[in-house]
Amino acid sequence: MPRAYSGIRESRPYTYNDLGGTGCDLANDFDKKCIKNADRSFSQGLQCQQINSISAVLSLEDSAFIIHAPQGCAGCVSMGADGYRVGQAHRGIHLIKNPRIFITNLDQDDIIHGGEKKLREAVAAAAERYSPKLIFIFTSCASGIIGDDVDAIIADLQPGYTPILVPIHCDGFRSKICASGFDAAFIAIQKYLLPQDPQPKEKGLINLFAPTSISYKDQLEIERMLGLLGVKVNYIPFYSSLEKIRKITGAEASTAICKVFADEFMKELDETYGIPFAHTVMPIGVRNTDKWFLGIADLIGKGDIAREYVEKEHERVLPQLGYIKEKLAGKRVFICGGTGRSFAAAALINDFGMELVGLETPTYDLDAQIDIEYLNTMHKNYVVDVANMQPFEQVNLVNKLKPDLFIGVGAWAAHFGLPTTHVLDPKRATMGYDGILYLGNKIVEQMRNPGFNRKISRYAKLPYKQSWYEQDAFKFIKEF
Ligand code: SF4
């Protein structure tokens, strides 16, 4: 690896995971470099980076996957496997497959004596049972703590196998930022799968990196928009293949649908292979779609075509927002989501005249600062909770801020009886200009139909004492 990036997001300067305040204060403090490092003295749990590494490659063709871990680490994999099956159905695949996942099931004995034997057996089983082209091996806290030298074991095994063996170092304890799991996957892709020599450039080929949460409808819409610029899209890594991965280095430029997903990898491709990239926003909402599309179009010298298209789309779509604005203007919203989607949703609601009162996002860093400065031009006095999970803080804030709508996973907010919805929809296009109309109408419908959540609030109680709601939501964030 010519570049020194470790794959651990905490190693990037000015990155914070434990933070709370108003959007305005955070932006000012960050600007003056006076945010202090902090930690939570109480935490309800973090998302592990391993699931992000697994989901990043889970839909690659002809692959098998070995999780070198105790079986509990594979708990979240059912979610990824479900997404893989649904993604196949949306792509019209009739013989739907499960991902070929093995777990080494490290137990007490292996923790003392090492897990090498089980890893070797798992590689042999995966190769024999499925004859894949690729076998990905995911590390875990347990394999990291006991010091299994997975790279050395794989290097020793590789000459005896046809499939390419790709270790991905995603031990949960290495990072509190789950997006580090994406970086770990891309570092492994670069090290083991990309050609080391520069490839001949393919005219008009664009790498389009997309996280697993992008629906097939959104993929089609974004590919269609890029097609208007006369480019060919290499959509990766979802439902793609070793061949498509190897084409990455022949691209003219790169962009990503999510701001967080491949940002480090695109920098790497730029520095190592001379592939420039557009790194803007997620194309949800009018202004974000403009920004995203013009970002990649300007990069490849097709800004004029994009501007003409954007103008036409504004003429077509903006008059249709009237009904949505009439229903939603002035409504107060709390948003919780991954960094890319939560910021995109906050810009989207401004297109409908709604007001942001609270935003929960996993990390604050230089990129988040750009987004918050952008959001500060639209929204005032909203609270930001920088938290990976931590629902106890979310319910405290939702209870205090009393929004009219919650956008995000509504499992907790629904207990307050308020309407909840998401900007994530696997079946319909949420991105691009038609996505704005779909999401606007979806929010209107949810606001008109809060009956289910009202029943939840009547019959199901959250497990917190009243005294917690009266305290500062950020009281467990301690500076050091
Ligand atoms: S790798 Fe570590 S953090 Fe991740 S699921 Fe396993 S034990 Fe938990």
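Residues numbered from 1 in each chain as written. Predicted model: local features only at pLDDT ≥ 70, side-chain atom pairs only at ≥ 80, totals over all residues. Heavy atoms only, no water.

1. Regarding the packing of helix α12 (residues 286–299) against helix α13 (residues 303–317)
Working step 1: Contact pair α12 / α13: the axes reach a minimum separation of 8 Å and the direction vectors enclose 165 degrees. The angle between α12 and α13 places the two elements in the roughly antiparallel class. Two packed elements cross with a definite hand, and for α12 against α13 that hand is right-handed. Side by side, α12 and α13 meet where V286, D290, F293, L294, A297 and D298 of the first sit next to G303, A306, R307, Y309, V310 and H314 of the second.
Working step 2: Residue composition of the contact of α12 with α13, grouped by class: seven nonpolar, two polar and three charged. (Axes fitted to C-alpha atoms, helices over the stretch in contact; angles between N-to-C directions. Helix = DSSP H or I, 4+ residues; strand = E, 2+ residues; numbered from the N terminus. Parallel < 35°, antiparallel > 145°, perpendicular 65-115°, else oblique. Left-handed = near helix turned anticlockwise from the far one by under 90°. Contact = heavy atoms within 4.5 Å. Nonpolar A, V, L, I, M, F, W, Y, C, P; charged D, E, K, R; others polar.)

2. Concerning unusual backbone geometry
Working step 1: With an omega of -5 degrees, the peptide bond between I236 and P237 qualifies as cis.
Working step 2: A positive phi is found at S131, a non-glycine position, where the angle reads about 45 degrees.
Working step 3: Locating S131 in the fold gives a position in the loop between α5 (116–130) and β5 (134–138).
Working step 4: The phi torsion at Y239 lies on the positive side, around 50 degrees, for a residue other than glycine.
Working step 5: Inspection of the secondary structure puts Y239 in the loop between β8 (232–236) and α10 (242–246).

3. A few points about the nonpolar core
Working step 1: Membership of the largest hydrophobic core comes to 113 residues, with the highest contact counts inside it found for F136, I168, F209 and Y364.
Working step 2: Every residue in contact with F136, bar those within four places of it in the chain, is listed here: V57, L60, S63, A64, F65, I66, V166, I168 and L193. (Core = buried A, V, L, I, M, F, W, Y, C linked by side-chain atoms within 4.5 Å. Buried < 20%, exposed > 50% of the residue type's maximum accessible area, 1.4 Å probe, protein only.)

4. Focus on the domain arrangement of the protein chain
Working step 1: Here the protein chain is described as being made up of domain 1 (49–175), domain 2 (205–301) and domain 3 (316–479).
Working step 2: Contacts between the two partners involve 26 residues from domain 2, matched on the other side by 27 residues from domain 3.
Working step 3: Overall, the association of domain 2 and domain 3 removes approximately 2,100 Å² of surface from exposure, summing both partners, and the carbon and sulfur fraction of that is 58%.
Working step 4: There are three salt bridges connecting domain 2 and domain 3.
Working step 5: We note a salt bridge from D367 to K259, for which the minimum N-O separation is 3.7 Å.
Working step 6: Our count for the domain 2 to domain 3 interface comes out at 11 residue pairs in polar contact (both at pLDDT 80 or more).
Working step 7: Among the secondary structure elements, those contributing two or more residues to the side of domain 2 that touches domain 3 are α9 (216–227) and α12.
Working step 8: Per-class residue counts for the side of domain 2 that touches domain 3 are 12 nonpolar, six polar and eight charged. (Domains from an automatic or database assignment. Buried area = accessible area lost by both parts, 1.4 Å probe. Salt bridge = Lys/Arg side-chain N within 4 Å of Asp/Glu carboxyl O. Polar contact = N/O pair within 3.5 Å; in protein donor to acceptor, adjacent residues only side chain to side chain.)

5. Let's talk about the environment of H314
Working step 1: Along the chain, H314 turns up in helix α13.
Working step 2: A C-alpha to C-alpha distance of 9.5 Å links H314 and D290, two positions 24 residues apart in sequence.
Working step 3: With near-sequence residues (within four places) excluded, H314 lies in contact with V286, D290, P319 and Y433.

6. Let's talk about the pairing of strand β6 (residues 164–168)
Working step 1: Burial within β6 is extensive, with five of its five residues counted as buried.
Working step 2: Along β6, one buried face is formed by I164, V166 and I168 and the opposite face, lined by L165 and P167, is buried too.
Working step 3: Of the strand pairs in this sheet, β5 and β6 are connected by five bridges, and their pairing is parallel. Bridged to L134 within β6 is I164. (Pairing = 2+ DSSP bridges.)

7. Some points on the sheet that holds strand β9 (residues 253–256)
What links the strands of a sheet is backbone hydrogen bonding, and the strands pair in either a parallel or an antiparallel sense.
Working step 1: One open sheet holds the four strands; their spatial order is β8-β7-β9-β10, and the pairing between them is parallel. Two strands in the sheet have a free side with no partner beyond their single neighbour: β8 and β10 (277–278).
Working step 2: Relative to β8, strand β7 (residues 205–209) runs parallel, the two being bridged by five bridges. Note on β8: the bridge partner recorded for L208 is Y235.
Working step 3: Packing against the sheet, α9 makes contact with β7 and β8, and its axis sits at approximately 150 degrees to β8.
Working step 4: Strand contacts of α12: β7, β9 and β10, with the helix running at about 170 degrees to β9, the strand carrying the most contacts.

8. Focus on the packing of α13 against helix α18 (residues 432–448)
Working step 1: One way to put it is that α13 packs onto α18 with a least axis distance of 10 Å and a crossing angle of 25 degrees. The angle between the axes of α13 and α18 places the two elements in the roughly parallel class. Pair α13 / α18 crosses with right-handed handedness. Contacts from Y309, V310, E313, H314, R316 and V317 in α13 reach Y433, D434 and L437 in α18.
Working step 2: Taken together, the residues of the contact of α13 with α18 sort by class into five nonpolar, one polar and three charged.

9. Overview of helix α2 (residues 49–57)
Working step 1: Counting buried positions over the nine residues of α2 gives nine, a clear majority of the element.
Working step 2: Inspection of α2 places Q49, Q50, I51, N52, S53, I54, S55, A56 and V57 among the buried residues, and these make up the whole buried set.
Working step 3: Taken together, the buried residues of α2 touch β3 (63–67), α3 (77–90), β5, β6 and α8 (180–192).

10. A few points about the pattern of salt bridges
Working step 1: Across all of its chains, the model carries 30 salt bridges by this definition.
Working step 2: Here R40 and D385 are joined by a salt bridge, their closest N and O atoms 3.4 Å apart. Of the two residues, R40 is situated in strand β2 (residues 38–40) and D385 in strand β13 (residues 383–386); the sequence distance between them amounts to 345 residues.
Working step 3: The residue D351 makes a salt bridge to R287 at a minimum N-O spacing of 3.0 Å. On the criterion of sequence distance, the pair formed by D351 in helix α15 (residues 339–351) and R287 in helix α12 is long-range, its members being 64 residues apart.
Working step 4: One continuous salt-bridge network, built from bridges that share partners, spans R9, R12, D183, D263, E264, K267 and D365.

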